[in-house]
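Observations on the three-dimensional arrangement
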Amino acid sequence: MISDKMKDLVKNNSVIREMFEEGKKLQKLYGKENVFDFSLGNPSVPAPKKVKEAIIKILENEDPCFLHGYMSNSGFEDVREKIAESINRKFGTNFSAKNLIMTVGAASGLNIVLKSIINPGDEVINFAPYFSEYNNYIKNYDGIVTVVSANLETFEPNLEEFKNKINSKTKAVIINTPNNPTGVIYSEELIKKLVKILEEKSSQIGHPIYLISDEPYRELVYDGAIVPYVTKYYKNTFVVYSYSKSLSLPGERIGYVIVPDELDDSNEMIEAITIANRIIGCVNAPSLIQRVIPYCLDIQIDLKEYDTNRKLLYKILTECGFECIKPQGAFYLFVKSPIPDEKEFCKTAKKYHLLFVPCSSFACPGYVRIAYCVPHTMIQRSEDAFRKLAKEYFY
């Protein structure tokens, strides 16, 4: 018999994955070219050629026993040093190898941070809308999820509500910018206001409130937008990063956690997170793809396709009468459902073979997420289906 905790997780399986599986069923029935699956954030732009070249070079030149063997739970030291140097060049920081722990993607990074800081009953604050798996990660360690409701005009954090929900049990706050699912980027001004609240409240309650910055979409920005580097504003910040989107490598599961020297009890925290990397079962990040990363630090995927998709899909949706904000980053459009029950709206969309993610699971009911990391031709083919869907509500 499965555990009680897993019963809840099975019952509330990821709606994103459910929609993805639904898409595969529809493709078998109607043909792939007649199904418009906008559910999954799976990169549609291939990894840069440099990735393949690096893999071949490494396999041909490095000792296989070293390459495929165990290493420190925090990852290869020379890899971590090169990544730290790259970050320092880009953002004016001062990290070294010891400040980085290589992880099995951002999901593993979030888990090892949360495992290292949460005691049962501690609260972690999420700003709606947010990636639904945060709830499961927090509950993995018997933490309590506290949700700050969405600002439905800007989709930036509601800072007054945030301030009022902090209490003596608040241990951490998770931010995700550029945001999944809205594509909103938190400005420097907003970060400074958030940090001021964290500093004041940490002082009042007598312990640090950690800021966990989840950054898999950092490089996916448009129109010259800037994403502030949060460790420069708040010392008790963890940065969780993944190369899944910037290098189109989601299946390779490679990322890192940064623990700055300035963070309270930094050395102890680095040790705890390193050990957590082992005891949650990852042991270490995949060795081959770790060694690939230093060859690819100054490159990223070409964003032109995503930007073209963003503009076309936004145009189609707004011309049809749907309400959505134009994203600054990531590869999602956050669309207001024309009816209060967005799940019912998604059911109607399936009549036209359109698949969206209902955002009740993102703590923002009444909206859907539409991923535009899809072939451009699919968006072009989907226009007629969107217009037919719009007629159900607007014409």
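A brief structural summary. All figures in this text were calculated on a predicted structure; none of them were measured in a lab.

This part takes up the sheet that holds strand S12 (residues 357–358). Picture the strands of a sheet paired through backbone hydrogen bonds; they go either parallel or antiparallel. Across the sheet, four strands lie side by side as S9-S10-S13-S12; this open sheet has antiparallel pairing. Where the open sheet ends on each side, the last strands, each with one partner, are strand S9 (323–324) and S12. Sheet topology places strand S10 (residues 332–336) next to strand S13 (residues 367–371); five bridges connect them, and they run antiparallel. Residue pairing in the sheet places Tyr-332 in a bridge with Ala-371 of S13.

What follows deals with the sheet that holds strand S3 (residues 123–127). Taken together, seven strands build an open sheet; the order of strands is S2-S8-S7-S6-S5-S3-S4 and the sheet is mixed. Edge positions in the open sheet fall to strand S2 (100–103) and strand S4 (144–148), since each of these has one partner strand only. Each strand of the sheet is rotated relative to its neighbour by a mean of 20°, with strand direction disregarded. Relative to strand S7 (residues 237–242), strand S6 (residues 210–214) runs parallel, the two being bridged by four bridges. Bridge pairing links Ser-213 to Val-239 in S7. The strands touched by helix H9 (residues 188–205) are S3, strand S5 (170–176) and S6; relative to S5, the strand with the most contacts, the crossing angle is about 170°.

What follows is about helix H13 (residues 342–350). Along H13, the residues classified as buried are Glu-342, Phe-345, Cys-346, Thr-348 and Ala-349. All buried residues of H13 project into a common sector of 160° when viewed along the axis, lining one side. You can read the cap of H13 off the contacts: a side-chain oxygen lies 3.0 Å from the backbone nitrogen of Lys-343, and it is on Asp-341.

Here is what the cut-offs are and how they apply
- Residues numbered from 1 in each chain as written.
- Predicted model: local features only at pLDDT ≥ 70, side-chain atom pairs only at ≥ 80, totals over all residues.
- Heavy atoms only, no water.
- Pairing = 2+ DSSP bridges.
- Helix = DSSP H or I, 4+ residues; strand = E, 2+ residues; numbered from the N terminus.
- Axes fitted to C-alpha atoms, helices over the stretch in contact; angles between N-to-C directions.
- Contact = heavy atoms within 4.5 Å.
- Buried < 20%, exposed > 50% of the residue type's maximum accessible area, 1.4 Å probe, protein only.
- Arc of directions from axis to C-beta.
- Polar contact = N/O pair within 3.5 Å; in protein donor to acceptor, adjacent residues only side chain to side chain.

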